[in-house]
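Each chain, letter by letter, is given below.
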Amino acid sequence: MKKINQFLEQIPALLASKISIFIYLFLFFYLVVFAVLTMWIPLLKNVQPSANVQLILGNYTNVLSALGASLAAGSGTLIHHSLSTLHKKHDKMHDELQKTIAELHDKIDRLEREKQ
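Residues numbered from 1 in each chain as written. Predicted model: local features only at pLDDT ≥ 70, side-chain atom pairs only at ≥ 80, totals over all residues. Heavy atoms only, no water.

1. A few points about the overall build of the protein chain
Next up, step 1: If you tally the helices and strands in the protein chain, you get three helices and zero strands.
Next up, step 2: Taken over the C-alpha trace, the protein chain has a radius of gyration of 29 Å; the compact-globule value for 116 residues is 13 Å, which it surpasses by more than 25%.
Next up, step 3: Taken over the C-alpha atoms alone, the protein chain extends approximately 100 × 35 × 20 Å along its principal axes.
Next up, step 4: Of all intrachain contacts in the protein chain linking residues separated by at least 6 positions in sequence, the fraction that spans at least 24 positions is 44%.
Next up, step 5: Of the accessible surface of the protein chain, which amounts to about 10,100 Å², a share of 68% is contributed by carbon and sulfur atoms.
Next up, step 6: Here the protein chain carries 12 positive and 9 negative side-chain charges, and the mean point of each set is 16 Å from the other. (Helix = DSSP H or I, 4+ residues; strand = E, 2+ residues; numbered from the N terminus. Rg over C-alpha atoms; globule rule 2.2 N^0.38 Å. Contact = heavy atoms within 4.5 Å. Areas by Shrake-Rupley, 256 points an atom, 1.4 Å probe, with all protein chains shown as cover. Lys, Arg positive; Asp, Glu negative; His and termini not counted. Charge placed at Lys NZ, Arg CZ, Asp CG, Glu CD.)

As structure tokens, then:
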């Protein structure tokens, strides 16, 4: 189970890597920009992406975008949980600090009374 968790924790870093971003940009350029250019420029008709290639790579990009959306949602949930935990720790530490300050004031008052 630890290996699965380690693998799942590495997925966001892999999807945000330079090579992944290059692949996404290449697919966008090839499937959208280049396909539109081949429709307008007759010389490029011979290198136009086929319907099968567009279908396969289009599905690939759809799967990646769905995966990216789920990762973003999951990381948002994780961040919210982490912030909630930090707020609870902060409140606990604040209460302890207030208690310590009150005890310190009591000691100072007692020392001033003993001094007089």
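Structure's up, so let's keep going.
2. A look at helix α2 (residues 18-40)
Next up, step 1: A rise of 1.5 Å per residue sets the reference length of α2, with its 23 residues, at 33 Å; its end C-alpha atoms lie 31 Å apart and thus fit the reference within 8%.
Next up, step 2: At Phe29, α2 shows its largest kink, close to 35°.
Next up, step 3: Within α2, the full set of buried residues consists of Ser20, Leu27, Leu31, Phe34, Ala35 and Thr38. (Expected span 1.5 Å × (residues − 1). Bend = angle between axes of the 7 residues up to and from the residue. Buried < 20%, exposed > 50% of the residue type's maximum accessible area, 1.4 Å probe, protein only.)

3. Focus: a nonpolar patch on the surface
Next up, step 1: Among the surface-exposed residues, Ile19, Phe22, Ile23, Phe26 and Tyr60 lie close enough to one another that they form a single nonpolar patch of about 510 Å² accessible area.
Next up, step 2: For the nonpolar patch, the leading source of residues is α2, giving four residues. (Patch = residues over 30% accessible without salt bridge, like charges linked within 9 Å, V, L, I, M, F, W, Y side chains within 5 Å. Salt bridge = Lys/Arg side-chain N within 4 Å of Asp/Glu carboxyl O.)

4. Digging into a negative patch on the surface
Next up, step 1: Among the surface-exposed residues, Glu103, Asp106, Asp109 and Glu112 lie close enough to one another that they form a single negatively charged patch.
Next up, step 2: The topology assignment puts Asp106 in helix α3 (residues 51-115).

5. Thoughts on the environment of Glu114
Next up, step 1: Mapped onto the secondary structure, Glu114 falls in helix α3.
Next up, step 2: Distance from Glu114 to Gln98, taken between C-alpha atoms, is 24 Å for residues 16 residues apart in sequence.

6. Details of the environment of Pro12
Next up, step 1: Looking at the secondary structure, you find Pro12 in helix α1 (residues 2-15).
Next up, step 2: A C-alpha to C-alpha distance of 21 Å links Pro12 and Gly58, two positions 46 residues apart in sequence.

7. Observations regarding the side chain of Thr38
Next up, step 1: Position of Thr38 among the secondary structure elements: in helix α2.
Next up, step 2: For Thr38, the contacting residues outside a window of four places in its chain are Leu44, Lys45, Gln48 and Pro49.

8. A short note on the confidence of the model for the protein chain
Next up, step 1: With 93% of its residues at a pLDDT of 70 or more, the protein chain shows a mean pLDDT of 81.
Next up, step 2: When mean pLDDT is compared element by element in the protein chain, α3 scores highest at 83, while α1 scores lowest at 78. (pLDDT = per-residue confidence, 0-100.)

9. Points about the environment of Phe34
Next up, step 1: Within the secondary structure, Phe34 sits in helix α2.
Next up, step 2: Note on Phe34: relative accessible area 16%, which makes it buried.
Next up, step 3: Look past the residues within four positions of Phe34 in its chain and what remains in contact with it is Phe29, Leu44, Val47 and Pro49.

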